[in-house]
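# Descriptive structure summary
This is what each chain is made of:
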Amino acid sequence: MTPAFNTAAYSRHLHRIAWLAVALALVVIIFGAFVRLSDAGLSCPDWPTCYGRAAWPSAAQEVESHAATAIRPLETHKAWREQVHRHIAATLGVLVLVLALLAARKRRLGIAQILASAGLVAVAIGLYMQAWYTAAAALALIAEAILLLAAWRWSNLDLSRVAALTLAVIIVQALLGMWTVTWLLKPVVVTAHLLGGMLTFSLLLWMAWRATGVPIRLVQAPELRRWVAVGIALLAIQIALGGWTSANYAALSCGAGGWTGDTAHWLDFPKCVGQWWPAHDFREGFVLWRGIGVDYEGGILDGEARIAIQLAHRMMAAVVLVYLLALAYRLLRTPGLRAWAVMLALTALLQVGLGIANVKLALPLLVAMLHVAGAVMLLFLLVSLLARLRSPER
């Protein structure tokens, strides 16, 4: 039997840092949704600076001579949002680096490998800012290879494997953040960036629970873990569809609830533009790659393609809801897991309600952000169960 992780043997502070990273990852995801939904995703057209500044300019005259102004005029009320999001994400990266160093410090050359990969990324960022793009990409790839090789060789007895993988994901997230800006909100990059944020959150959460050492031991644990794993897979697909819907500005493609004169029109849900199965174009709606150089802000797809995306998101939502309610019923019948069952069922129902409210209320910012938070909460519940459910000790 594999011995349990012993926090004291490696660092008594590792689990505390892990939980802090989980909280910060949540902030990054929610604040990123705020940036995206408030149309501030391109408010700093250069990366990692904002019009050449580590912070952000407070007035247009401060950056009149900067090359980025030729790409997009400065909007001070939006620029701070994008750059603050970058700073929070960078802070999270530092925390993940600390976690990786703590987890790998007992490994042979563990600290050296983690520091080498971090150093290569730091140099790569400097080269990128000097327009040495090929050299920067090569160094980033070498850093990723070091981390992935270390994760393959190490085990999770001391959490070194998951810590190295999380640091590797953070590096990819930085690249996706850069491409989100430089490739002008390309939907496949925006969606991948969202999935990367959710993956980072999940890895950190799994690490935090394991480092804390509070397993839920049940005879039915192996079966329940399979149920939970399927739930996570279905939820990941739905999150990807949600990201794709947002990135292609398809959230209101079926029409938005409201008033026309004295008559209320509700053609948006459960119907779509007044029909149960309107004209749609799935082929066009799910083209992943359309080349580089197109500005995707506001979306470029026609109505039928956007309707197809919205329909796919709605249908998958029904599948996920049914499965999560079935999982909640299974948990409800398991002694010791009834509270988890209630939280899972209520969160799933609330999430569907927020999705409907987004359409009915024409995508208000607060409701849209709560919808993102609901997805994170569902992920929190499922990943927590996956990390904590264990068979009884022999």
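Right above here is the structure, for reference.
Described below are features of the structure shown in this document. Small disclaimer: the values here were computed from a predicted structure and weren't measured.

Let us look at the overall build of the protein chain. Looking only at helices and strands, the protein chain features eleven helices and four strands. In terms of its C-alpha atoms, the protein chain occupies a principal-axis envelope of roughly 70 × 60 × 35 Å. By residue count, 48% of the 394 residues in the protein chain fall in the buried class. Expressed as a percentage of contacts within the protein chain between residues at least 6 apart in sequence, the contacts between residues at least 24 apart total 75%.

Tallying each qualifying case throughout the model produces two disulfides. A sulfur-sulfur distance of 2.0 Å marks the disulfide that ties Cys 44 to Cys 50. Given an S-S torsion of about -70 degrees, the disulfide between Cys 44 and Cys 50 has left-handed geometry. In this structure, Cys 44 and Cys 50 share a single accessibility class: buried. Between Cys 254 and Cys 272 runs a disulfide, and the two sulfur atoms are separated by 1.9 Å. Between Cys 254 and Cys 272, the S-S dihedral sits near -85 degrees, and the bridge is therefore left-handed.

Look at the link from Trp 47 to Pro 48: it is a cis peptide, with omega at 0 degrees. A positive phi angle, near 60 degrees, is found at Leu 185, a position not held by glycine. Following the sequence through the fold, Leu 185 ends up in the loop between α5 (160-182) and α6 (187-212). For Ala 362, which is not glycine, the phi torsion reads 65 degrees and is therefore positive. Inspection of the secondary structure puts Ala 362 in the loop between α10 (338-360) and α11 (365-388).

Applying the stated criterion across every chain yields a total of twelve aromatic pairs. A centroid spacing of 5.7 Å and a plane angle of 75 degrees characterise the contact between Trp 47 and Tyr 128, whose relative ring orientation is edge-to-face. Within this pair, whereas Trp 47 is found in the loop between α1 (14-37) and α2 (76-104), its partner Tyr 128 is found in helix α3 (residues 110-129), the two being separated by 81 residues in sequence. Classification of Tyr 128 by relative accessible area gives buried; the value is 17%.

So, on to the pattern of salt bridges. Two side chains carrying opposite charge are able to pair once their charged atoms lie near each other. Taken as a whole, this structure holds nine salt bridges when the rule is applied. Here Arg 72 ties to Asp 295 by a salt bridge, and the two come within 3.4 Å at their closest N and O atoms. A residue pair is termed long-range when its members are at least 10 positions apart, and Arg 72 in the loop between α1 and α2 and Asp 295 in the loop between α8 (282-285) and α9 (303-332) qualify at 223 residues. Given a relative accessible area of 37%, Asp 295 falls into the partly exposed group. Look at the salt bridges and you will find they share partners, linking Arg 72, Asp 295 and Glu 297 into a network.

As for its position among the elements, Ser 160 is in helix α5. Excluding residues within four positions of it along the chain, Ser 160 makes contact with Ala 103, Ala 104, Arg 107, Trp 154 and Ser 155.

This brings us to the packing of α1 against α2. Two numbers describe how α1 lies on α2: the axes approach to 9 Å, and their chain directions differ by 160 degrees. Between α1 and α2, the angle falls in the class roughly antiparallel. Once α1 is placed against α2, the crossing between them reads as left-handed. When the residues that make up the contact of α1 with α2 are grouped by side-chain class, the tally is 22 nonpolar, three polar and two charged.

Right, let's talk about the packing of helix α4 (residues 133-153) against α5 for a bit. Two quantities define a packed helix pair, namely the angle between the helix axes and the distance between the axes. The interhelical angle for the contact between α4 and α5, taken along N-to-C directions, is 160 degrees, at an axis separation of 8 Å. In this view, α4 runs roughly antiparallel relative to α5, as classed from their interaxial angle. α4 and α5 meet at a crossing whose hand is left-handed. Contact with α4, carried on its side by Ala 143, Glu 144, Leu 147, Leu 148, Ala 151 and Trp 152, involves Arg 161, Ala 164, Leu 165, Leu 167, Ala 168, Ile 171 and Val 172 of α5 and no other residues of that element.

Let us now look at the nonpolar core. Core analysis: the largest hydrophobic core is formed by 87 residues, its most contacted members being Leu 92, Leu 204, Leu 337 and Leu 344. The element best represented in this core is α1, accounting for 13 residues. Not counting residues up to four positions away in its chain, the partners in contact with Leu 92 are Ala 21, Leu 24, Ala 25, Val 28, Ile 170, Thr 200 and Leu 204. By size, the runner-up hydrophobic cluster in this structure holds seven residues, among which are Cys 44, Tyr 51, Ala 68 and Leu 74.

Rules used throughout
- Residue positions are given per chain, counting from 1 as you read along its sequence in written order.
- Thresholds applied to this predicted model are a pLDDT of at least 70 for local features of residues and 80 or more for the giving and counting of side-chain atom pairs; totals over whole chains, interfaces and linings are not thresholded and use all residues.
- The side-chain quantities take in all heavy atoms of the structure and omit both hydrogens and water.
- Put simply, DSSP H or I for four residues or longer makes a helix, DSSP E for two residues or longer makes a strand, and each gets a number counted from the N terminus.
- Partly exposed describes any residue whose relative accessible area lies between the buried limit of under 20% and the exposed limit of over 50%, with all areas from a 1.4 Å probe on protein chains only and scaled to the type maximum.
- Any two residues whose heavy atoms approach within 4.5 Å are treated as being in contact.
- Here, the term disulfide refers to a pair of cysteine sulfur atoms separated by no more than 2.5 Å.
- For Phe, Tyr and Trp, rings pair up if their centres lie within 6.5 Å, where Trp contributes its six-membered ring, and each pair is then called stacked (planes under 30 degrees apart), edge-to-face (over 60) or tilted (otherwise).
- Counted as salt bridges are all cases of a side-chain nitrogen of Lys or Arg within 4 Å of a carboxyl oxygen of Asp or Glu.
- An axis is simply a line fitted to the C-alpha atoms; with a helix, the fit covers only the stretch in contact. Between two such axes, the angle follows the N-to-C directions and lies from 0 to 180 degrees.
- Any angle between 65 and 115 degrees counts as roughly perpendicular, while under 35 counts as roughly parallel, over 145 as roughly antiparallel, and the rest as oblique.
- By the definition used in this description, the sense in which the near helix is turned from the far one sets the handedness, with an anticlockwise turn below a right angle giving left-handed and a clockwise turn giving right-handed.
- Gly counts as polar in this scheme, as do all residues outside two lists: the nonpolar Ala, Val, Leu, Ile, Met, Phe, Trp, Tyr, Cys and Pro, and the charged Asp, Glu, Lys and Arg.
- Here, nonpolar core means buried Ala, Val, Leu, Ile, Met, Phe, Trp, Tyr and Cys residues that are tied together by side-chain atoms lying within 4.5 Å of each other.

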